[in-house]
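Understanding the architecture of this molecule
Single-letter residue listing:
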Amino acid sequence: MAATMRALFVFLLPILLISRLAGGSPPPDPVSCAHDGTSDCTVTNTYGSFPDRTICRAANATFPTTEAELVAAVASAAAARRKVKVATSHSHSFPKLACPGGRDGTIISTARLNRTVAVDVSRRLLTVESGMLLRDLVKVAADAGLALPHSPYWYGLTVGGMLATGAHGSSLLGKGSAVHEYVVGIRIVTPAPASQGFAVVRELNAGDPDLDAVKVSLGVLGVISQVTFELQPQFKRSVTFVTRDDKDMPAQLAVWGSLHEFGDVAWLPRQGKAIYREDNRVATSTPGNGLNNYLGFRAQPTLGLLTARVAEERLEENGTDIARCLAARLPAVTFELQAYGFTNDGVFFTGYPVVGFQHRIQASGTCINGGDDALLSACTWDTRIRGPFFYQSGFSVAMSKVPAFVADMQRLRDLDPRAFCGMDAKLGVLMRYVKASSAYLGKVEDSLDFDVTYYRSYSEGVPRAHADVYDELEQMALRKYGAVPHWGKNRNFAFDGAIAKYPKAAEFQKVKDRYDPEGIFSSEWSDQVLGIKGSPNVVGAGCAIEGLCVCSDDSHCAPEQGYFCRPGKVYTDARVCRFERTRLVDEL
């Protein structure tokens, strides 16, 4: 017990050390080249590993600073018939969207295409380059007295990256929470015949049907150069977090999105609690200069991150359910006591509601803001340290099916509440509202998006404690309730057959065939996800442990470690890897 308590203390150390650091050492560039900074390159995501753990290589990388240089980069690759993929400043997508495949491809980084092109205050239009961070976009808008109505909560994403993956905040009102719904113009560079110099710039404006393909594109149509947003006059928001019992959560979720313009809900399943965010637009005359500096997106002391991972591994590999559940309680308590990082004046939290201007409330991410401090502090996921390592799944369930799905999740929880402590440890299941979209690969119906973050081993093939309940929950959502996976999250199996859920997928394919008939911007991964060729599943020994497949045989799990392929407990059509100590003993 003493060893467990020591591990518990070390696990909690970073929470105890949380400070008001302005920023740590920013994460490294996801593109790294061995020769002259431009050849013999690798590309990864900000978490340092794709779901299949492979290393993505490319022959060369380019870092254009102007649209003309971008056109030249595309033309060079198209003339040589090299595969091309676009990389962003921080590359926060889990799947292999930035991997051209093989060793002969080209990476085009938009990190230096990050400027403001034009601001038209009278028409509320803002045009920026595609590599601009959300952080800078909302500041430029605010300086002009304007606001982007909705955005993701992390501001380290780029404009192009948000459009490629359909990134969103939380709302069913107005045009909804997806960033692409506020796009009225795009300039995109695509391959072209030799007679046109191998690359052209296509300019799309509101009313152009191709815009519905380009504004959620998975990066397979070309490289977006510039984006024009239609914004709104600057406004303020009023935010209050309320924690309640989760017994009536299925019914509450069905209406919460229509009661609060920016409302979301976080579910702590083991604790039986739901944290409701009452978040609404208020007049700019409302007193308050609140700030969102979310605790999880601040720079953390590197020592704390290192020791937290060591403790987490001990609890995962050798701890009991009781110990894991004790450790899981503290993060939620600590975040609640510190108002999740919200302050009333940018420094102190004095009570709810927190009222502040849109650009100070909508997103945060201060761990990327600082200069190099010799890695004394860093973003939680910085790959240069052996800190927290995790998966993140995201899937959207149609609002009409949400009450039944959530009731099924609760039934699964009730069978073994301690199995869900890992979710509580990662601050639960975040649920955000997303409106139906005209984008061909956007949300088909008004939906509730579920984000689940969970432990990942640094070693391939190592099972997670109670991974079966996570996998059953995901399969239940995707298969029983027809959920669609978030394009920028999830492990491989979530994308199997996903494209069939989009009625306008064929229209998207027609645009793709016109824009890039040779498939310069396609890869093996994108062809699998789009249903063109192959499957995203990678079937083999241990594939279900890694989320590369849904098990159909014990060998897909880890039978030598006591994990066997079994039906789900609530959704019996699910197939999950479940630990069975008795059977292992019998076989031995």
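Each remark here, short or long, concerns the structure printed above.
Reading the values: rules and limits
Residues numbered from 1 in each chain as written. Predicted model: local features only at pLDDT ≥ 70, side-chain atom pairs only at ≥ 80, totals over all residues. Heavy atoms only, no water. Pairing = 2+ DSSP bridges. Helix = DSSP H or I, 4+ residues; strand = E, 2+ residues; numbered from the N terminus. Buried < 20%, exposed > 50% of the residue type's maximum accessible area, 1.4 Å probe, protein only. Contact = heavy atoms within 4.5 Å. Axes fitted to C-alpha atoms, helices over the stretch in contact; angles between N-to-C directions. Core = buried A, V, L, I, M, F, W, Y, C linked by side-chain atoms within 4.5 Å. Disulfide = S-S within 2.5 Å. Parallel < 35°, antiparallel > 145°, perpendicular 65-115°, else oblique. Left-handed = near helix turned anticlockwise from the far one by under 90°.

With respect to the sheet that holds strand S24 (residues 484-485)
Read across the sheet, eight strands follow the order S19-S13-S15-S14-S22-S23-S21-S24 without closing on themselves; strand pairing throughout is antiparallel. What marks the edges here is a single partner per strand, and that holds for strand S19 (354-357) and S24. Note: strand S14 (residues 264-268) against strand S15 (residues 273-282), five bridges, orientation antiparallel. Bridge pairing in S15 links Ala-266 to Ile-275.

A closer look at the environment of Ala-274
With respect to the secondary-structure elements, Ala-274 resides in strand S15. On the basis of relative accessibility, which here comes to 0%, the residue Ala-274 falls in the buried class. For the pair formed by Ala-274 and Lys-247, sequence separation is 27 residues and the distance between their alpha carbons is 9.0 Å. With residues near it in sequence (within four places) discarded, Ala-274 still touches Val-242, Thr-243, Arg-244, Asp-246, Met-249, Val-265, Ala-266 and Trp-267.

Side note on the sheet that holds strand S10 (residues 199-205)
The sheet built from five strands is open, its strands ordered S6-S7-S11-S9-S10 with antiparallel pairing. What marks the edges here is a single partner per strand, and that holds for strand S6 (116-120) and S10. Along the sheet, successive strands turn relative to each other by an average axial angle of 10°, direction set aside. Judged from the six bridges that link them, strand S9 (residues 183-191) and strand S11 (residues 223-230) form a sheet pairing that is antiparallel. Bridging from a neighbouring strand, Val-189 pairs with Val-223 of S11. Packing of helix H3 (residues 134-143) onto the sheet brings it into contact with S6, strand S7 (125-129) and S11, and relative to S7 it is tilted by some 145°.

Some words on the nonpolar core
By size, the foremost hydrophobic cluster in this structure holds 61 residues, and its most contacted members are Leu-137, Ile-186, Leu-221, Phe-229, Leu-441 and Trp-487. Taken together, the elements giving at least two residues each to this core come down to S7, H3, helix H4 (159-165), S9, helix H5 (211-214), S11, helix H13 (505-515) and helix H14 (524-529). Formed by 41 residues, the second largest nonpolar core is a distinct cluster that contains Tyr-391, Phe-395, Ala-419 and Leu-448.

A short note on the state of the cysteines
According to the stated counting rule, one finds seven disulfides in the structure shown. At a sulfur-sulfur separation of 1.8 Å, the disulfide partner of Cys-325 is Cys-421. In this structure the cystine formed by Cys-325 and Cys-421 twists about its S-S bond by roughly 95°; its chirality is therefore right-handed. Placement of Cys-325 in helix H8 (residues 321-337) and of Cys-421 in helix H11 (residues 421-425) is noted, with a sequence separation of 96 residues between them. A single burial state applies to Cys-325 and to Cys-421, both of which are buried. Between Cys-551 and Cys-565 runs a disulfide, and the two sulfur atoms are separated by 2.1 Å. What sets the handedness of the Cys-551 and Cys-565 disulfide is the S-S torsion sign, and at about 85° it is right-handed. Of this pair, Cys-551 sits in the loop between H14 and strand S25 (563-567) while Cys-565 sits in strand S25, and the two are 14 residues apart along the sequence. Comparing Cys-551 with Cys-565 shows no difference in burial state: the two are buried.

Focus on the packing of helix H10 (residues 402-415) against helix H12 (residues 467-480)
Packing of H10 against H12 leaves a shortest axis separation of 11 Å and a crossing angle of 160°. With respect to each other, H10 and H12 are oriented roughly antiparallel. Remark: the crossing between H10 and H12 carries right-handed chirality. Each of Phe-405, Asp-408, Met-409 and Leu-412 in H10 lies in contact with H12, whose residues at this interface are Val-469, Glu-472, Leu-473, Met-476, Ala-477 and Lys-480.

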